[in-house]
Amino acid sequence: METPYDWITIIVFAGLIVLFLQRSQGVARDHLWQYLVAAIGCAVTNYLGNEALKLDMVGYHAAAIALGIATLAFIWIVLQPFSNAND
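A short tour of the structure in this document, coming up. (Residues numbered from 1 in each chain as written. Predicted model: local features only at pLDDT ≥ 70, side-chain atom pairs only at ≥ 80, totals over all residues. Heavy atoms only, no water.)

**With respect to the overall build of the protein**
Move 1: Across its full length, the protein holds three helices and zero strands.
Move 2: Counted from the first residue to the last, the protein has its helices and strands arranged as α-α-α.
Move 3: Taken over the C-alpha atoms alone, the protein extends approximately 45 × 20 × 20 Å along its principal axes.
Move 4: For the protein, the residues scored as buried account for 29% of the 87 residues in total. (Helix = DSSP H or I, 4+ residues; strand = E, 2+ residues; numbered from the N terminus. Buried < 20%, exposed > 50% of the residue type's maximum accessible area, 1.4 Å probe, protein only.)

Dropping the structure here:
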């Protein structure tokens, strides 16, 4: 836990875990693979960001930020964390 990428991806992953645990009760509305995609997005974002800091490569920073935003968009659009279950 040394870089901003570590902290940001852990926070997003922790939110993903809470969402999964909350939704694992009751009627299934998500699939497990959707959470796996988001978790892998967090892991790869963290890896690219840490490599960017280690190697001082701007391209890796851009890729990490773009993938991080894409992962958040995936969570927002596919998993819909703030939607009501009755919708």
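There is more to say after this.
**What about the pattern of salt bridges?**
Move 1: Taken as a whole and assessed by the stated rule, the structure comprises two salt bridges.
Move 2: Between D30 and R23 there is a salt bridge; the shortest N-O distance is 2.7 Å. For the pair D30 and R23, a shared accessibility class is recorded, and that class is buried.
Move 3: Residue E51 pairs with K54 through a salt bridge whose shortest N-O separation is 3.0 Å. Of this pair, E51 and K54 both sit in helix α2 (residues 32-55), three residues apart, which is roughly one turn of that helix.
Move 4: Given a relative accessible area of 61%, K54 falls into the exposed group. (Salt bridge = Lys/Arg side-chain N within 4 Å of Asp/Glu carboxyl O.)

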